Structure formats: structure tokens, C-alpha cells
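Fold and geometry: a report
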Amino acid sequence: MKTCSRRGLAGSAARAALAAAILTVAGGETFAADFTLKIHHFLSPRSNDHTRHLVPWGKAVEAASGGRIAVQVFPAMQLGGKAPNLAKQVEDGVVDVGYTLPGYTPNKFKGSAGLELPFIGHGSEVMSQVAMAFYDMHLRDEYAQYHVISIHSTDPATIHTPKRPVRRMEDFKGLKVRVPSRYVGMAARLLGAVPGGLPLPQVYEALSRGQFNALMINWGVMTPFKLHEVTKYHTDVPVYNTMLATLMNRKSLDRLPADLRKHILDRSGFDYAHSLGRIWDEANRKSKDAALARGNEIIRIGDAELARWKKQVEPAIQAWAEEMSSLGKDGPKMLADLRALADKYRK
């Protein structure tokens, strides 16, 4: 059996990979695949990312290859390391494919941070198209060591609070809010809040104990982490989008014969990322329904009030453009292109 990864698996992980590489065809005949691909990610095996993206993608590749490629998906960091290590694991060939957040390694994916700027984004279907178009225009050098299967967006993050509703900009004053990244943190501070970082699994307890009294996060993860149980008010404004990247080791791809490589390429790129965006939009609606079922309040903000917020956070957006310019890129053009793409795909 050939394998596309340079390092073997140990213990039960090795046995699982071997089992995945022994395929059963019609009539009960079994045979070993010519190539085995290992996919590693940080999320639960019950997550939509596992059940509706990575596992179906692997099965589609196996079927299209006629069993010559076997795909094994390892959730919840089963192959070791921590979530921020995933991009490096792919780059080094420890795994063939990794599913990660570019935001986990912000120093590596500085241009990608533009896709998560405050008040740039919209729904996940829209921003997944924006992400791939922006990648083609400006981010190819940032991902040069990978084959990009997809860069897609979660649904937009909104504002959730246990006790104090946010209806006006003044309501941010003094709120200790959990934020995921540098530029969102800058925006929160400009709005009057006190930003802080915290791993997502710890947010439920922190809100329960009053250590944080607000969070900015997308609806799609609210119900999986039961955060709708410790929040009461949801200001439904698209503050930012989080990007998710499915990256393949380029040597793993190039090692495949051309006819098998085609099955990977056919399941990569703009249209595939667009389809993943639809999944997050569905999760958004389900989480809102769960919050309403508990009697929580979803708050809408008028255009005039929202315009105040956008104007207030503009320095955070410009800070990203300035950083791009400091790296030798055309920061103002990148920002203009990003905004134009968001308008194009929203329409």
C-alpha cells in the first residue's frame, strides 16, 4: 500500500488507517487502496464540519477513484498536537489534509485576516465566495506550500449578552467581551468594550461566572456549545466572519497520478467552498430557533445606528490595510477589492 504521508501512525490510529484503506467492492471482494490520505481536524466527530464536509468529501474521492484512493478522517486532534499546529502538520507532511482556522496562526496568514475584518462580511454563502475570489486575487502566495481545497466562511458573528442588551453603541461601554482576533478586539475597544481572549470551550463557564459579560461569535456554534443557555440577548448584527481552510500538502497531491489527482481538483475551489457556506447558513437559522425557544430576545439594529458603529471601527480596518502595505503589498487596493467582492456576491 502506498501512502501520501511521510510519517506512520501508531497504535489504534494506525489500525484505523489500515482498515480505512481496505475497501470492499460489490460482491464482497476486498483490496488495498493504492494511496491513503489522512485528514486531521480539531472539531468533534459530531460537528457539521466532520459529518457534512470532511467525511463526505473523503467518500466522494474514494468513490470517484474506484477505490484506488482511501481517505481516513481523524477528528478532535486524534493524531496529536493542538489545533494551531494543523497548518504546520500539513506543511510538514505529517498529515495529507488539515482543516483549520487561518486565525490560529495569524502571523502566517496575515492577508487572510482581511476576510475577518469587522463589518466587511455577510452570510456564510456570500463570504465563502468572497474568500475564494480574494484568495485568487491576493492570497496565493500566502498558501503557496499548500493545495487549497477550500477557504470558506462561517455564518457571521453577532453580539450575545447574558444581562445587558446591546441596542446602541453606548451599550458597549465597559462590557467585557470575548473576541477571537486582533482586529475584532480593536473594533470592540473602539466601540467602548473591554476585549479579551478565551478558548471557546471555556466560554460557557466564564459567562456563567460573570468573568465575561458578552461575546462576539457566530450563531452556528451557539447551540453546539450551549451558549444560548447562558445568554439572553442577541444583537443580530453581522460583526465579522471566521474563515475555515481545508489545506492539502502539495507533495501529497503531486505524488498522485494525473488521473487520480483530478478527483481532488474536481472537489476543490470556488464552487466547493460556496457549497460549504450553505451549511453554515443552515446552522445559523437552527441556532436562532433554539435561542427563541428558550425565550431569548433577538435584537435588530437600524441602519442609522449601524452606520455609527461602522464609522467608529474604521481605524481597525485601516490598520489591517496599513499592515499589508508594511509587508510590501498594496493594502488600500486589497481593502478596496475585498469590499467590492463583498458587495458583488451579496447582490
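Residues numbered from 1 in each chain as written. Predicted model: local features only at pLDDT ≥ 70, side-chain atom pairs only at ≥ 80, totals over all residues. Heavy atoms only, no water.

**Considering the overall build of the chain**
Within the chain one finds 11 helices and 13 strands. Computed over the C-alpha atoms, the radius of gyration of the chain is 21 Å, within 12% of the 20 Å expected from 2.2 N^0.38 for a compact globule of 347 residues. Of all 347 residues assigned to the chain, the portion counted as buried reaches 55%. A fraction of 77% describes how many contacts in the chain between residues 6 or more apart in sequence connect residues 24 or more apart. Total accessible area on the chain is roughly 15100 Å²; 52% of this is exposed by carbon and sulfur atoms. Here the chain holds 47 positive side-chain charges and 34 negative ones, and the gap between their average locations is 4 Å. (Helix = DSSP H or I, 4+ residues; strand = E, 2+ residues; numbered from the N terminus. Rg over C-alpha atoms; globule rule 2.2 N^0.38 Å. Buried < 20%, exposed > 50% of the residue type's maximum accessible area, 1.4 Å probe, protein only. Contact = heavy atoms within 4.5 Å. Areas by Shrake-Rupley, 256 points an atom, 1.4 Å probe, with all protein chains shown as cover. Lys, Arg positive; Asp, Glu negative; His and termini not counted. Charge placed at Lys NZ, Arg CZ, Asp CG, Glu CD.)

**Focus on the packing of aromatic side chains**
Enumeration according to the criterion identifies seven aromatic pairs in this entry. Here Tyr 135 and Tyr 143 contribute two aromatic rings whose centre-to-centre distance is 5.9 Å and whose plane-to-plane angle is 75°, an arrangement assigned as edge-to-face. Comparing Tyr 135 with Tyr 143 shows no difference in burial state: the two are buried. Through a chain of ring-to-ring contacts, three or more aromatic side chains come together here, namely Phe 109, Tyr 135, Tyr 143 and Tyr 146. When the ring centre of Phe 109 is taken as reference, the NZ or CZ atom of Lys 108 above it lies at 5.9 Å. Over the aromatic face of Phe 212 sits the side chain of Lys 176, whose NZ or CZ is 4.9 Å from the ring centroid. (Phe/Tyr/Trp six-rings, centres within 6.5 Å; stacked < 30°, edge-to-face > 60°. Lys NZ or Arg CZ within 6 Å of the ring centre and 35° of its normal.)

**Regarding the pairing of strand 7 (residues 157-161)**
For strand 7, a buried count of five out of five residues is recorded, marking the element as mostly surrounded by other parts of the structure. Across the two faces of strand 7 the burial is the same, with Ala 157, Ile 159 and Thr 161 and Thr 158 and His 160 all buried. Direction of pairing for strand 7 relative to strand 10 (residues 214-218): antiparallel, over a ladder of four bridges. Pairing of His 160 across the sheet is with Leu 215, part of strand 10. Taken together, the four bridges between strand 7 and strand 11 (residues 233-240) define a ladder with antiparallel strand orientation. When the bridges of strand 11 are listed, His 160 appears paired with His 234. (Pairing = 2+ DSSP bridges.)

**Quick word on helix 10 (residues 303-326)**
Taking 1.5 Å as the rise per residue, helix 10 with 24 residues should run 34 Å; its terminal C-alpha atoms sit 34 Å apart, in good agreement. Considering only its buried residues, helix 10 is in contact with helix 4 (124-139), strand 7, helix 5 (182-191), strand 11 and helix 11 (331-346). Directly beyond the C-terminal end of helix 10, a positive phi value near 90° is found at Gly 328. (Expected span 1.5 Å × (residues − 1).)

**Quick notes on helix 4**
For helix 4, spanning 16 residues, the distance from its first C-alpha to its last is only 19 Å, which falls clearly below the expected 22 Å at 1.5 Å a residue. Buried residues dominate helix 4, accounting for 13 of its 16 residues.

**So, the pattern of salt bridges**
According to the stated counting rule, one finds 21 salt bridges in the structure shown. Salt-bridge contacts for Glu 305 lead to Arg 308; the nearest nitrogen and oxygen are separated by 3.0 Å. Residue Glu 305 and its partner Arg 308 are both found in helix 10; the two are separated by three residues, about one turn of the helix. You can call Arg 308 partly exposed: its relative accessible area is 30%. (Salt bridge = Lys/Arg side-chain N within 4 Å of Asp/Glu carboxyl O.)

**Looking at the side chain of Glu 142**
On the secondary structure map, Glu 142 appears in the loop between helix 4 and strand 6 (146-153). Among buried Asp, Glu, Lys and Arg side chains, Glu 142 stands out as unpaired, with Lys 329 the closest opposite charge at 5.9 Å. Among the polar contacts made by the side chain of Glu 142, one reaches the main-chain amide nitrogen of Lys 110 at a distance of 3.3 Å. If we ignore the near neighbours within four places in the chain, the residues touching Glu 142 are Lys 108, Phe 109, Lys 110, Gly 111 and Ser 112. (Polar contact = N/O pair within 3.5 Å; in protein donor to acceptor, adjacent residues only side chain to side chain.)

**What to know about the sheet that holds strand 9 (residues 194-196)**
In spatial order, the strands read 9-8-10-7-11-13; together these six strands make up an open sheet with mixed pairing. For this open sheet the edge positions go to strand 9 and strand 13 (297-299), each flanked by a neighbour on one side alone. Mean inter-strand twist for the sheet, computed between neighbouring axes without regard to direction, equals 30°. In the sheet, strand 8 (residues 176-178) pairs with strand 10 via two bridges, with the strands oriented parallel. When the sheet's bridge partners are listed, Arg 178 is paired in strand 10 with Leu 215. (Axes fitted to C-alpha atoms, helices over the stretch in contact; angles between N-to-C directions.)

**A few points about the sheet that holds strand 4 (residues 69-74)**
One open sheet accounts for five strands, arranged 4-3-5-12-6; its pairing is mixed. If you trace the sheet from one side to the other, it starts and ends with strand 4 and strand 6, each paired once. When the angles between neighbouring strand axes are averaged without regard to direction, this sheet yields 15°. As paired elements, strand 6 and strand 12 (residues 243-249) share seven bridges and run antiparallel to each other. Counted as the bridge partner of Ser 150 is Thr 246 from strand 12. Contacting strand 3 (35-41), strand 4, strand 5 (97-100), strand 6 and strand 12, helix 2 (residues 48-64) crosses the sheet at an angle of about 165° to strand 4.

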